[in-house]
Amino acid sequence: MKNQIVTATQERITIRHVAQDAGVSVAAVSKVLRNAYGVSEALRTKVEASIEKLNYRPSVAARGMRGRTYTVGILVIELSNPFLPGVIESANTMLSENGYKSLIGIGRSASPIEASMIESMIDNRMDGVLIIAPRISGKVLERYARQIPIAVIAHHEPHAQTYDTVNSDDRKGAALAVEVAVSQGYRDIAMLGYDLLDSPSTVVALQREMGYVEAMKQAGLESRVIRLPPVAENREAAIRDFLATANRPRAVFVWSDLDAVPLINAARTSGIRVPEDLAIIGYDNSPMAAIPLVGLTSVDQNAVELGRMASEVLMGRIDGRQEARHVLIEPHVELRGST
DNA sequence: TGCCAGAGAATCTGGTCTAT
DNA sequence: ATAGACCAGATTCTCTGGCA
């Protein structure tokens, strides 16, 4: 039943069916599909009509055999962080404007899951992978990057050779937070981080800690880092303990809005005035920070630029660039009522 | 003679089937 | 058990015919 275009069992419609229906060659259909040079308007119209009529969709697997699938995987650590959708949306827009389709995978904050998702993306012949805040080490990323072009957001590894990184300048962002606090007259400025355990220096929170410590030193002030339990654990009690400490600082720079928003909430509900008793500066400028009742001063990482730049860098890799690119995006502080 | 639209055939990868 | 043929469905290279 090969010469019947649509069979009772709905056999897959291929480029050959379209060519047959339009009365042209397979190569001509391919040219129309790729918007390639040397196609008359009449031929294009005929082919497009057949594509529409037969409801044809090109096979990604077959395209993969010839090189490109025009599919990119976006692997994200998890979805509960409100900062991430902005990055994903921006990357997705940029990729789609350049003819790529993106498929999203969720790593659920676990290295084995991330690794298996990257492997699936390689197996499905995706052209590249954009990874946001990976848990897996740079060493493992180096290994995968030999098999597929990789660009990573929120992973500081300026010496990586086989993959690219795009980050907010987290050290500078932390320094800006300290600068804002100092300029508003605060001296007793602590940082609320989290227990990094044996995390490598690629982790953004550690970069922010380093930036904070450096900036405090530069301002001639004593730094004081208070660490909440690891990210996976419940930190409500630890936040309450921090608020109840006798020598609570006058201002606190929190490593992320993920903890800064619960902190501002806990402070207000327990009668601590923000900023009169405690000034709070967060990081990420997540949508929650901007809600008037929250009003959290926060360091903005420029999510749109992160997503845009990472896509650009990844497409460069896909196009064959060999030398690594490591991009830092300028952060800025969004001032609100919490300072 | 040269350009352009379009056709034919080679080619890609990785798995399955068939012959030895 | 192994080697080689074959297949999927695209892209791409090379060639041809028509026309200015």
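Residues numbered from 1 in each chain as written. Chains lettered and ligands numbered in written order. Predicted model: local features only at pLDDT ≥ 70, side-chain atom pairs only at ≥ 80, totals over all residues. Heavy atoms only, no water.

Regarding the protein's contact with DNA strand B
For clarity, the cut-off: The nearness test applies per residue and asks whether one of its heavy atoms lies within 4 Å of the molecule or strand. The term polar contact refers here to a pair of N or O atoms within 3.5 Å; inside protein, the definition further demands a hydrogen-donor-capable atom paired with an acceptor-capable atom, and it admits residues adjacent in sequence only when both atoms are side-chain atoms. Only DSSP runs of H or I with at least four residues qualify as helices, and only runs of E with at least two residues qualify as strands; both kinds are numbered from the N terminus onward. Charged residues are taken to be Asp, Glu, Lys and Arg, nonpolar residues to be Ala, Val, Leu, Ile, Met, Phe, Trp, Tyr, Cys and Pro, and polar residues to be all remaining types, Gly included.
In the vicinity of DNA strand B there are 13 residues, among which Ser25, Lys31, Gly38, Ser40 and Arg66 approach most closely. Sugar and phosphate atoms represent 73% of those atoms of DNA strand B found within 4 Å of the protein. Contact distances for DNA strand B include 2.9 Å between a sugar or linking oxygen and a side-chain N or O atom of Arg125. At three residues, the largest contribution of residues to the surface near DNA strand B is made by helix H2 (residues 26-34). Residue composition of the surface near DNA strand B, grouped by class: seven nonpolar, three polar and three charged.

As for the packing of helix H5 (residues 84-97) against helix H13 (residues 303-318)
The criterion, for reference: In this description, a line fitted to the C-alpha atoms serves as the axis of each element, helices being fitted only across the stretch in contact, and the angle between N-to-C directions of two axes falls anywhere from 0 to 180 degrees. These descriptions rest on fixed angle ranges, namely under 35 degrees for roughly parallel, over 145 for roughly antiparallel, 65 to 115 for roughly perpendicular, and the rest for oblique. Here a crossing is called left-handed whenever its near helix is offset anticlockwise from the far helix by less than a right angle, and right-handed whenever the offset is clockwise. Contacts between residues were defined by any pair of non-hydrogen atoms, one from each residue, lying within 4.5 Å.
In contact at an axis separation of 7 Å, H5 and H13 are set at 40° when each is read in the N-to-C sense. Our classification of the angle between H5 and H13 gives oblique. Both H5 and H13 take part in a crossing whose hand is right-handed. Along its contact with H5, which presents Gly86, Val87, Ser90, Ala91, Met94 and Leu95, the element H13 presents Ala303, Val304, Gly307, Arg308, Ser311, Glu312 and Met315. A breakdown of the residues in the contact of H5 with H13 according to their chemical character gives seven nonpolar, four polar and two charged.

A closer look at the protein's contact with DNA strand C
Residues in close proximity to DNA strand C total 17 residues, the closest being Ile15, Ser30, Arg34, Tyr56 and Arg63. Take the atoms of DNA strand C that sit within 4 Å of the protein: sugar and phosphate atoms are 64% of them. Taking Tyr56, its side chain carries an N or O atom lying 3.0 Å from a sugar or linking oxygen of DNA strand C. Separating a base nitrogen of DNA strand C from a backbone N or O atom of Ala62 is a distance of 3.4 Å.

Topic: the packing of helix H8 (residues 170-183) against helix H9 (residues 204-218)
Any two packed helices are characterised by the angle at which their axes cross and by the distance between the axes. Taken N-terminus to C-terminus, the directions of H8 and H9 make an angle of 45°; their axes are 7 Å apart at the nearest point. By the angle between their axes, H8 is oblique relative to H9. Handedness of the H8/H9 crossing: right-handed. Residues Asp170, Arg171, Ala174, Ala175 and Val178 of H8 pack against Val204, Gln207, Arg208, Met210, Gly211, Tyr212, Glu214, Ala215 and Met216 of H9.

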